[in-house]
Each structure stands twice: as structure tokens, then as C-alpha cells.
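An overview of the molecular structure
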Amino acid sequence: MKAWPGDSRQLRTWCREEILGALEEDGLRVRGKHRLRVDAEVSGSDVVNLQIDATGLEFSFSGGFPDTEPEAEPEPVTRTPGHLHTARVIADPVRVQGFNVSLLAHVTDLPIEWWTNARPRRADQPLSAFALGVGNEASAASSGAVTTCTSTSTRPS
């Protein structure tokens, strides 16, 4: 299995799979998955730019969530330090239970780590053997910052 960091295309694919996998929990229904857009530029172990646009997704809850404990995360076998220069997440709007919700988040200068796990978290998705997290050197004194984070919701008319 190839270790992280991957190329820009692999990061885009991984992000889509991770986001959609997280959304496909029991009790949550997501429509418009084809509208999810991810663009990424990777240079070595740095993410130069990451853009995630979830505009147009629709979420509804169709029942309760399972009472089972989540499966333990696989142990990382490699950790590669890197840096996230710029990330932007936009959802303008998404619909949640019939409400329009808008979200904009902008993150800059964040230490990250690329993890390669011993096994994939989801057997049908080989890229789920990888993870991306906040680097060990990140702390309250870190230069990484969420520079913009806004959220609004309105009932549709």
C-alpha cells in the first residue's frame, strides 16, 4: 500500500470518500451527493489549497442512531508531518430537515500529519486506510487559525 502523502487527485478522492462515508450514518439520509465538490493542490507533504463545497446537499433524519460503540480506529503505522496552507469549506446553502443552512469556514497555516493505517476503516474503500489530522506540533500557540467561520439557518418560505 502506498503511503501518504498522495497526489492532488488522490487527496480529492480521499476527501470525497471520507465526507460521504461520514454522512452515510444510520438514521441520516443525504440527497444530492453528486453536488459535493472537492479541489486540492498538494506539494510534497503540504496541502497548498483545499476547497470543499457542499452547497446543495440535503440532509434528513429518518430514525434514531444506533446504540453500538463505534469500531476502534486502526493504528497508524506511519505519520508524515506536513502543512495545510489554506482550506475553505462552503455550504451555501445545504438543507437540514427542511431548513436552509449556510456555512463558510476558512483555515490557514495549520500543521498536519498524513497517517497511513495498518488497515482500511471500510473494507470496500482502500483509501480509508489513510487519514489526515492536526499535527502533533499544533497547540494553542500554533500559527494555524480558523480565520472565518459563519453559519446561518433559515426556514424555507
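Everything that follows concerns the structure shown earlier in this document.
Rules behind the numbers
- Residues numbered from 1 in each chain as written.
- Predicted model: local features only at pLDDT ≥ 70, side-chain atom pairs only at ≥ 80, totals over all residues.
- Heavy atoms only, no water.
- Helix = DSSP H or I, 4+ residues; strand = E, 2+ residues; numbered from the N terminus.
- Buried < 20%, exposed > 50% of the residue type's maximum accessible area, 1.4 Å probe, protein only.
- Contact = heavy atoms within 4.5 Å.
- Areas by Shrake-Rupley, 256 points an atom, 1.4 Å probe, with all protein chains shown as cover.
- Pairing = 2+ DSSP bridges.
- Salt bridge = Lys/Arg side-chain N within 4 Å of Asp/Glu carboxyl O.

Let us now look at the overall build of the chain. Each helix and strand in the chain was counted, giving one helix and eight strands. In the chain, the order of α-helices and β-strands from amino to carboxyl end is α-β-β-β-β-β-β-β-β. Within the chain, the fraction of its 157 residues that count as buried is 35%. Long-range pairs, those at least 24 residues apart, make up 68% of the contacts in the chain with a sequence separation of at least 6. On the chain, roughly 9200 Å² of surface is accessible, and the fraction owed to carbon and sulfur atoms is 53%.

Right, let's talk about the pairing of strand β2 (residues 37-43) for a bit. Every second residue of β2 is oriented toward a common face, the buried set being V38, A40 and V42 and the non-buried set R37, D39, E41 and S43. Bridging between β2 and strand β3 (residues 46-53) involves seven bridges; their strand directions are antiparallel. Residue pairing across strands places A40 opposite L50, the latter belonging to β3. Counting the residues between successive antiparallel strands, the hairpin from β2 to β3 contains two residues, one of them, G44, with a positive phi of roughly 65 degrees.

Let us look at the pattern of salt bridges. Summed over all chains, the structure comprises five salt bridges. Among the salt bridges present, the one from R12 reaches D39, with a minimum N-O distance of 3.9 Å. Here D39 lies in strand β2 and R12 lies in helix α1 (residues 8-23), a separation of 27 residues in the sequence. A salt bridge links E113 to R79; the nearest nitrogen and oxygen atoms lie 3.1 Å apart. Pair noted here: E113 is in strand β6 (residues 99-117) and R79 is in strand β5 (residues 76-96), with a separation of 34 residues, a long-range link. The class for E113 is buried, based on a relative accessible area of 7%. Taken together, the salt bridges that share partners define one network made up of E18, R121 and R122.

Any functional reading would require information that these geometric values do not contain.
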